[in-house]
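The residues making up each chain are set out below.
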Amino acid sequence: MTDCNKVCKTCCHKTKHRDEKEYKDLINRLSRIEGQIRGLKSMIESDAYCPDILVQASATTAALNSFSRVLLSNHIKSCVVDDIKEGKDEVVDELVNTLQKMMR
């Protein structure tokens, strides 16, 4: 059974064990995004000029999109490939469904 398909006995959700490098990269990206969100809040609280806030919001959106691209890439290269090798073709439908949700 691949890391992505280990099933939690109490919640029935798939989980994935990430190696330390992937884990640190994703957490660091999220920490930076969290800082950007706090910066946006601070800008609103300090009555910053709208275009300045919009530029920061755009940068935050770009950072979150980058996080999603990295996570999606990691998922395809590990979970999806491993499942296909094990004959679990339903992972393709799951991936298509996920992509459709992301593109809303």
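Owing to the predicted nature of the structure, the values given are computational and were not obtained by experimental measurement. (Residues numbered from 1 in each chain as written. Predicted model: local features only at pLDDT ≥ 70, side-chain atom pairs only at ≥ 80, totals over all residues. Heavy atoms only, no water.)

Looking only at helices and strands, the protein features 3 helices and 2 strands. Counting from the amino terminus, helix and strand elements in the protein follow one another as β-β-α-α-α. Taking all 104 residues of the protein together, the buried fraction comes to 20%. In the protein, the share of contacts with a sequence separation of at least 24, taken over all contacts with a separation of at least 6, comes to 46%. (Helix = DSSP H or I, 4+ residues; strand = E, 2+ residues; numbered from the N terminus. Buried < 20%, exposed > 50% of the residue type's maximum accessible area, 1.4 Å probe, protein only. Contact = heavy atoms within 4.5 Å.)

Looking at the protein as a whole, its pLDDT mean stands at 90, while 88% of the residues score no less than 70. Strand β1 (residues 6-7) is the least confidently modelled element of the protein, averaging 46 in pLDDT, while helix α1 (residues 20-45) averages 98, the highest of any element. When the criterion is pLDDT under 50, residues 7-11 qualifies, and its contacts beyond four places in sequence or with other chains add up to 4 contacts. (pLDDT = per-residue confidence, 0-100.)

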